[in-house]
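Commentary on secondary and tertiary structure
What follows is the residue order along each chain.
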Amino acid sequence: MLKIAICDDEPLFCRLLEEKLEARLNASGLPFRVFRYSSGEQLPMTGYDILFLDIRMPGINGMELARRLRENGNSCAIIFITVIKEQVFDAFEVEAVDYLCKPLDDIRLSHALDRAIRYVGERDSRMLLVRTGSRLRSIRMDDILYCEVINRKVLLHLRTGGGVVEYYSRLSDVEKQLDSRFLKCHRSYLVNLDHLSECSKNTLTLTGGVQIPLSESHRRSFMEQMLHHMKSEVEAWPRS
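As a starting point, this report considers the structure included with it. Since this is a predicted model, take the numbers as computed values, not measurements.

This next bit is on the overall build of the protein chain. Looking only at helices and strands, the protein chain has 6 helices and 15 strands in total. Here the protein chain has a C-alpha radius of gyration of 19 Å; the compact-globule value for 240 residues is 18 Å, and the two agree. Across its three principal directions, the C-alpha atoms of the protein chain cover 60 × 40 × 30 Å. Across the 240 residues that make up the protein chain, the buried fraction comes to 47%. Residue pairs at least 24 apart in sequence account for 54% of intrachain contacts in the protein chain once pairs closer than 6 positions are excluded.

All right, on to unusual backbone geometry then. The omega torsion of the bond from K102 to P103 falls at -5°, within 30 degrees of zero and hence cis. With respect to the helices and strands, the residue P103 is situated in the loop between β5 (98-101) and α4 (106-125). Positive phi values are uncommon outside glycine, yet E95 reaches one of about 65°. Positionally, E95 belongs in the loop between α3 (88-93) and β5. We classify E95 as buried; its relative accessible area is 18%. Phi at N151 takes a positive value of approximately 55°, unusual for a residue other than glycine. Mapping N151 onto the fold places it in the loop between β8 (144-150) and β9 (153-158).

Okay, the sheet that holds strand β15 (residues 211-213) next. Sheet architecture is open: 3 strands sit in the order β13-β14-β15, paired in antiparallel fashion. Single-partner strands in this sheet number two, and they are β13 (196-199) and β15. Direction aside, neighbouring strands of the sheet carry axes that sit 30° apart on average. Taken together, the 3 bridges between β13 and strand β14 (residues 203-206) define a ladder with antiparallel strand orientation. Each residue of the ladder has a partner; that of L196, found in β14, is L206.

Taken as a whole and assessed by the stated rule, the structure comprises 18 salt bridges. One salt bridge connects R170 with D173, and the closest N-O pair in it is separated by 3.1 Å. The class for D173 is partly exposed, based on a relative accessible area of 24%. Bridged by salt links that share partners, the residues R140, D142, D143, R159, D179, R181 and D194 form one connected network.

Calculation notes
In this convention, every chain numbers its residues from 1, walking through the sequence in written order. Per-residue local features of the predicted model are confined to residues with pLDDT of at least 70, and side-chain atom pairs are confined, for both listing and counting, to 80 or more; whole-chain, interface and lining totals are unaffected and use all residues. The side-chain quantities take in all heavy atoms of the structure and omit both hydrogens and water. Only DSSP runs of H or I reaching four residues or more are called helices, and only runs of E reaching two or more are called strands; each is numbered from the N terminus. Only the C-alpha atoms count toward the radius of gyration. The rule for a globule is 2.2 Å times the residue count to the power 0.38. Think of it in three bands: residues with accessible area under 20% of the maximum for their type are buried, residues over 50% are exposed, and the middle band is partly exposed, with areas taken using a 1.4 Å probe on protein chains only. Contact definition: two residues touch when any of their heavy atoms are within 4.5 Å. Note on pairing: DSSP must find at least two bridges between two strands before they are called paired. To get an axis, fit a line to the C-alpha atoms, keeping to the stretch in contact for a helix; angles then go from 0 to 180 degrees between the N-to-C directions. When a carboxyl oxygen of Asp or Glu is within 4 Å of a side-chain nitrogen of Lys or Arg, the pair counts as a salt bridge.

This is the structure we're talking about:
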């Protein structure tokens with residue numbers, strides 16, 4: 001079942017959006033539930049697949065709430081709904097799938113919902129299968145901050161609360177299994193660009209303030225691939 005949350009401090013708008021979503025999803029035949037919240041303080045940190053999130057709200061604003069959700073490992077599809085057009089690149093920073101301006105356009109809303117549903121499906125299918133001891137373990141790529149190799153042991157450093165998964169392999173083999181978000185920044189490290197928050201000459205800072213080295217031998221290649229990845233993401237952003 002698809003679980004959708006609406007977080008907006010305008011009750012009338014919430015009801016209108018819920019009605020639009022119900023009409024669209026009832027026609028599609030997808031099982032779903034819609035939950036409404038009037039503030040960021042009420043919104044649970046987990047438990048839903050798609051979040052329609054207002055930016056301007058009393059208390060914690062939507063952009064800060066989205067950052068907290070990501071830092072806590074929530075990988076739901078976020079769709080911002082707002083009267084503010086200037087924060088579109090902030091939305092990109094927290095991996096939002098779309099950015100809708102009020103009043104809502106029905107066609108744009110429908111496209112955004114379709115993108116979010118695809119995102120949820122792809123999110124659940126992007127897994128890394130590793131052998132730890134005598135058992136196989138599936139790890140969502142979204143949850144991996146970075147990969148580190150020490151001797152012949154690979155360490156997958158996961159998002160807040162996920163800890164570290166250790167197993168025997170080569171970094172080159174892991175690199176082949178991961179998708180294009182993961183780049184080599186050092187002979188011993190692969191980093192998930194979705195969690196990159198700052199890049200300096202010798203250091204990469206990730207979600208939660210984690211820092212890993214950017215070696216001189218990998219710097220040029222890393223920067224070129226990172227810019228190419230960012231360009232591809234921006235070009236894929238839906239147009240009004």
